[in-house]
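The primary structure of each chain is shown beneath.
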Amino acid sequence: MGYSRRSALTLATGLVAGASLAACGGGGGDAGGDISKDAVKLRFTWWGSDARHQRTQQAIDLFTKKHPNITVSGEFKEWNGYWDSLATTVAANDAPDIIQMDELYLASYAERGALLDLGEASKHLKTDGIDAAALDTGKVDGKQFAVPTGLAALSIVANVSLLEQYKIAIPDDAKWTWDDLKRIGQEVSKASGGKVTGVQSWGFDTGTVNIWARQAGGSLYQADKVSIEPAVLTAYWQYLLDLAKDGTAPSPSVTVERASAPLDQSGTATNTSVFGVWWNTQLTSLAAASGQKLELLKLPSNGQPAAAQSPYYKPSMFWSVSSRSEHPAEAALFVDFLLNTPEAGDVLLTDRGVPSNGTVRTAITPKLADADKTAADFLAELQVGTAPQVTPNGASSIEAILKRHTEEVLFERQTPQQAADAFIKELQTEIDAA
């Protein structure tokens, strides 16, 4: 992508302590029991902006109005402090009842017994409105430890205004390849005299690595093994290096600077790169910053049959319930409200991604701004394959490792092959040590 999805991956060391979390499973209430008529207090934790806090509180108020005996207390933080706080409370057997969860850490918490198997709460939490491929993103060892709040998919965001200015045709995304992207990108860089580059480089987010593995007929992980082939990773980094060396993408120093900068300083947002890899749901923010006409395109293909099934749903985040909750039935009921009701959808809209529930998604689409509608339509029309395996326990530092090796390649301190071999070895060591 154009910038790192996360600038901090600071889950407390070893999730505070593996042994502490390993002992935290069990001890909660009956997830399949009746909803209590007595007073119930739930704690709900999430990360996000002030706008998210306000929307979430409105949704809480709607729920508690329907269930006046249930009180929901919000505990919200910025991303950087969220994971240390969660790890501390979980290790102390004092976790919030409802937890906003991220894919990078799902397996770490699930395998240590910190999360409720939501299949046990099916009486109160319905998931039949969610596509099976989306639901699978929240499964660990076949159990549903999380449900996606919203969905996204990787796309190319193209600056149509600049393409028109340089008299370059918009590519046909039904059949274009990575070679086509490179060729058209070169045309842009040449037409602009280098003022605008054709492509904004990536290599700082696992989404593109997943796609390259899937287009090659493989996967990033298989069980607890890093299974992407070294040759696939070598080709991935060679492509990025070629883009930088021939001027199709910015210089390495500019690329690295943008990778750690906010979205509004990216090449796409500042109209200094025509094509960029982004999650489709980022279109709204990019369009607001750019002020020009942007369009979502499907990712290019490598020309191999597996590429047709390479797109996948990426949960923006998940809802999980603590395995230690004294009120798991009520917690599940609250998650059901957030996930499945148009009332909550009207308030939350696309703040946590395009809603994963298809009925809610359809209900809110007419109320969305144009860019959000475009993002929702893109997702609805995309043909996706099976869900990638959830990031294994121990691999939550993958983006920091990926970023480092991308920089080494771009500055030619490592060859693409050296980076591929080192990346696989280093990531596997992290998994084995977890």
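What counts, and at which threshold
- Residues numbered from 1 in each chain as written.
- Predicted model: local features only at pLDDT ≥ 70, side-chain atom pairs only at ≥ 80, totals over all residues.
- Heavy atoms only, no water.
- Pairing = 2+ DSSP bridges.
- Helix = DSSP H or I, 4+ residues; strand = E, 2+ residues; numbered from the N terminus.
- Contact = heavy atoms within 4.5 Å.
- Axes fitted to C-alpha atoms, helices over the stretch in contact; angles between N-to-C directions.
- 1 Å grid on protein atoms, 1.4 Å probe; cavity = no way out; pocket = protein on both sides within 12 Å on 5 of 7 lines; lining within 4 Å.
- Points joined across faces, edges and corners; volume = space filled by probe spheres on them.
- Nonpolar A, V, L, I, M, F, W, Y, C, P; charged D, E, K, R; others polar.
- Parallel < 35°, antiparallel > 145°, perpendicular 65-115°, else oblique.
- Left-handed = near helix turned anticlockwise from the far one by under 90°.
- Salt bridge = Lys/Arg side-chain N within 4 Å of Asp/Glu carboxyl O.
- Buried < 20%, exposed > 50% of the residue type's maximum accessible area, 1.4 Å probe, protein only.
- Phe/Tyr/Trp six-rings, centres within 6.5 Å; stacked < 30°, edge-to-face > 60°.
- Polar contact = N/O pair within 3.5 Å; in protein donor to acceptor, adjacent residues only side chain to side chain.

Caption draft 1: View of the sheet that holds strand β3 (residues 98-101). An order of β2-β1-β3-β13-β6-β14 is seen for the 6 strands of this open sheet, with the pairing classed as mixed. The outermost strands of the open sheet, each flanked by one partner alone, are β2 (70-77) and β14 (354-355). Relative to β14, strand β6 (residues 147-152) is paired through 2 bridges, and the arrangement is antiparallel. In the strand pairing of β14, G150 is matched with P355. Across the face of the sheet, helix α2 (residues 50-66) comes into contact with β1 (40-47), β2, β3 and β13 (314-321) while running at roughly 170° to β2. Across the sheet, helix α12 (residues 328-340) touches β1, β2, β3, β6 and β13, and the angle it forms with β1 is around 50°.

Caption draft 2: Here's a closer look at the layout of surface pockets. Quantified by volume, the second largest pocket comes out at close to 330 Å³. Taken together, 21 residues make up the lining of the second largest pocket; nearest its centre are D173, K298, L299, A307 and P311. Tallied by class, residues from the lining of the second largest pocket come to 14 nonpolar, 4 polar and 3 charged.

Caption draft 3: Up close: the sheet that holds strand β7 (residues 154-159). An order of β8-β11-β7-β12 is seen for the 4 strands of this open sheet, with the pairing classed as mixed. At either margin of the open sheet sits one strand with a lone partner, and together these are β8 (197-199) and β12 (294-297). The mean inter-strand angle of the sheet, taken between neighbouring strand axes irrespective of direction, is 30°. As paired strands, β7 and β12 are joined by 4 bridges and run antiparallel to one another. Across the sheet, A158 pairs through a bridge with E295, a residue of β12. Helix α11 (residues 283-290) rests against β7, β11 (273-279) and β12 of the sheet, and its axis sits at about 150° to β12. Here helix α15 (residues 370-381) sits on the sheet and contacts β7 and β12; the angle it forms with β12, its principal contact strand, is near 10°.

Caption draft 4: A look at the packing of α2 against α12. Where α2 contacts α12, the axes come no closer than 10 Å and their chain directions differ by 125°. Judged on the interaxial angle alone, α12 and α2 are oblique. Crossing of α2 over α12 shows right-handed handedness. Counting all contacts with α2, which are made through A59, I60, L62, F63 and K66, the residues of α12 involved are E330, L333, F334, F337 and L338. The residue inventory of the contact of α2 with α12, partitioned by class, reads 8 nonpolar, no polar and 2 charged.

Caption draft 5: Just the pattern of salt bridges, in detail. Under the defined criterion, the tally for this structure stands at 14 salt bridges. For K66, the salt bridge is made with E343, and the minimal N-O distance between the two is 3.6 Å. Separated by 277 residues along the polypeptide, K66 in helix α2 and E343 in helix α13 (residues 342-348) bring together distant segments of the chain. Assessed through its relative accessible area of 46%, K66 is described here as partly exposed. For E343, a relative accessible area of 35% gives the class partly exposed.

Caption draft 6: The arrangement of empty space enclosed by the protein in detail. Considering all chains together, one arrives at 3 cavities of 30 Å³ or more under this definition. The calculated volume of the largest cavity comes to roughly 190 Å³. If you list the elements that add at least two residues to the lining of the largest cavity, you get α4 (103-111), α8 (206-215) and β13. Taken together, the residues that form the lining of the largest cavity break down as 10 nonpolar, 6 polar and 3 charged. Counted as a void, the second largest cavity has a volume near 140 Å³. Taken together, 15 residues line the second largest cavity, and the ones lying closest to its centre are T149, L338, L348, L349 and P355. Elements with a contribution of two residues or more to the lining of the second largest cavity: α12 and α13.

Caption draft 7: Just the packing of aromatic side chains, in detail. Under the definition given, this model contains 24 aromatic pairs. Taking the centre distance of 5.5 Å and the plane angle of 35° together, the rings of W178 and W212 count as tilted. Of this pair, W178 sits in helix α7 (residues 178-191) while W212 is found in helix α8, placing the two residues 34 residues apart along the sequence. Looking at W178, the relative accessible area reads 6%, which means it is buried. For W212, a relative accessible area of 14% puts it in the buried group. Among the aromatic residues, ring-to-ring pairing joins F44, W46, F63, F76, W319, F334 and F337 into one connected group.

Caption draft 8: View of the side chain of S322. Within the fold, S322 resides in the loop between β13 and α12. For S322, a relative accessible area of 1% translates into the label buried. Separated by 3.0 Å, the side chain of S322 and the backbone nitrogen of R324 make a polar contact. The residues contacting S322, other than those within four sequence positions of it, are A95, P96, D97, I99, A114 and L116.

Caption draft 9: Structural view of unusual backbone geometry. Even without glycine at this site, D141 takes up a positive phi of about 50°. Assignment of secondary structure puts D141 in the loop between β4 (139-140) and β5 (143-144). Looking at D141, the relative accessible area reads 70%, which means it is exposed. Unlike most non-glycine residues, A223 shows phi in positive territory, near 55°. Relative to the elements of secondary structure, A223 occurs in the loop between β9 (221-222) and β10 (225-226). With a relative accessible area of 53%, A223 lands in the exposed category.

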